[in-house]
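# Summary of the model geometry
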Amino acid sequence: MTVTLEVAEGVGTLRLDRPPMNALDVATQDRLKELAEEATRRDDVRAVVIYGGERVFAAGADIKEMQEMDHTAMVLRARALQDSFTAVARIPKPVVAAITGYALGGGCELALCADYRIAAENAKLGQPEILLGLVPGAGGTQRLPRLIGPSKAKDLIFTGRQVKADEALALGLVDRVVPAAEVYEQAHAWAAKLAQGPAIALRAAKESVDTGLETDIDTGLAVERNWFAGLFATEDRARGMRSFVEEGPGKAKFL
């Protein structure tokens, strides 16, 4: 399998495994969608790590495969490509990308689907599609400017240049830079901590933020308001407030 889902301690690891560079061919894209939807459904998965292994996150699409595709073939495939990444972005649970080595093209776009990104000191990220006479096709022209702003995103997309981890951190493209040997450990720890939290409230928080970024503020506020009121019907809300009153803040157990 080119992608696997391994679950431990409430954390599901979506592991890319297509040596040597985890090129994202059609089969890998389809498998990624399938497992992202499984992670969404499974109650024992409360947070997710996306990981490509110790050497590389994902170096991009399979160029040899794409070279054989004509316009008609890509018209038929482009939606499925985007849908596979959107399935990751819409996992209604905390998702962290553990980035080692290269995260280029589709690899960078996959990292953009996470809620948080932890990169190795030797990581390199970028959207080099322009160097092939293309534009990003798996969400890069949409998710990247929403994350780092339009002018910085255009610089990366127009030039196709790769950025090292320190510049990626300064741009806001990644959220933390750590030694390469610690990337997965720290990503798993981030996910494991949130896996202990109130699952429905975390889902509400993610949906509220993501929806608000894609719509006007009044609609976003309505989504937030509805979730806020709705959470008063949950046992987690009752447990959290009871713990706060009886024991003080930050001591509630939600599992």
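Structure shown above.
Attention in this report is confined to the structure presented alongside it. (Residues numbered from 1 in each chain as written. Predicted model: local features only at pLDDT ≥ 70, side-chain atom pairs only at ≥ 80, totals over all residues. Heavy atoms only, no water.)

So, about the nonpolar core. Formed by 44 residues in total, the largest nonpolar core has its most connected members in F57, V88, I99, L110, L125, L144 and L173. Ranked by residue count, the leading element in this core is helix α3 (residues 71-89), at five residues. Not counting chain neighbours up to four residues away, the residues in contact with I99 comprise F57, A111, R117, I118, A119, A120, A123, L125, V174 and V183. Residues A47, V96, Y116 and A195 belong to the second largest nonpolar core, which totals 16 residues. (Core = buried A, V, L, I, M, F, W, Y, C linked by side-chain atoms within 4.5 Å. Buried < 20%, exposed > 50% of the residue type's maximum accessible area, 1.4 Å probe, protein only. Helix = DSSP H or I, 4+ residues; strand = E, 2+ residues; numbered from the N terminus. Contact = heavy atoms within 4.5 Å.)

Among the five residues of strand β6 (residues 116-120), five are classified as buried, and the element is accordingly described as predominantly covered. Pairing analysis gives four bridges linking strand β4 (residues 95-99) to β6, with the strands arranged parallel. The residue bridging A97 from the neighbouring strand is R117, located in β6. Pairing analysis gives three bridges linking β6 to strand β9 (residues 176-178), with the strands arranged parallel. Counted as the bridge partner of A120 is V178 from β9. (Pairing = 2+ DSSP bridges.)

A separate point is the packing of aromatic side chains. Throughout the structure, instances matching the rule amount to three aromatic pairs. The interplanar angle of 35° and the centroid separation of 4.7 Å between the aromatic rings of Y51 and Y184 together place this pair among those described as tilted. Note that Y51 is positioned in strand β3 (residues 47-51) and Y184 in helix α8 (residues 183-195), a separation of 133 residues in sequence. With a relative accessible area of 10%, Y51 lands in the buried category. Its relative accessible area of 28% is what places Y184 among the partly exposed residues. Ring geometry for F228 versus F232: centroids 5.6 Å apart, planes at 75°, classification edge-to-face. Look at F228 and you get exposed, because its relative accessible area is 57%. (Phe/Tyr/Trp six-rings, centres within 6.5 Å; stacked < 30°, edge-to-face > 60°.)

Sheet strands pair via backbone hydrogen bonds, and the direction of the pair is either parallel or antiparallel. With respect to topology, three strands assemble into an open sheet ordered β5-β7-β8, the strand pairing being mixed. Of all strands in the sheet, those with a lone pairing partner are β5 (102-104) and β8 (162-164), marking the two edges. Along the sheet, successive strands turn relative to each other by an average axial angle of 20°, direction set aside. Pairing of β5 with strand β7 (residues 124-126) involves three bridges; the strand directions are parallel. Bridged to A103 within β7 is L125. (Axes fitted to C-alpha atoms, helices over the stretch in contact; angles between N-to-C directions.)

Turning our eyes to something else, we now look at the environment of L171. Mapped onto the fold, L171 is located in helix α7 (residues 165-171). With relative accessibility at 18%, the residue L171 sits in the buried group. Ignoring sequence-local partners within four residues, the contact set of L171 consists of I148, K152, L156 and V163.

In this structure, P20 follows P19 across a cis peptide bond, with omega equal to 5°. Relative to the assigned elements, P20 resides in the loop between β2 (11-16) and α1 (26-41). Of note, N22 is a non-glycine position whose phi angle comes to about 55°, a positive value. Counting through the fold element by element, N22 comes out in the loop between β2 and α1.

The next point concerns the pattern of salt bridges. In the structure shown here, the tally under the stated rule is 14 salt bridges. For D30, the salt bridge goes to R77, with nearest N and O atoms at 2.8 Å. Residue D30 is located in helix α1, and its partner R77 is located in helix α3; the two are separated by 47 residues in the primary sequence. On the basis of relative accessible area, D30 is assigned to the partly exposed category, the value being 36%. Between R42 and D44 there is a salt bridge, and its shortest N-O distance comes to 2.8 Å. (Salt bridge = Lys/Arg side-chain N within 4 Å of Asp/Glu carboxyl O.)

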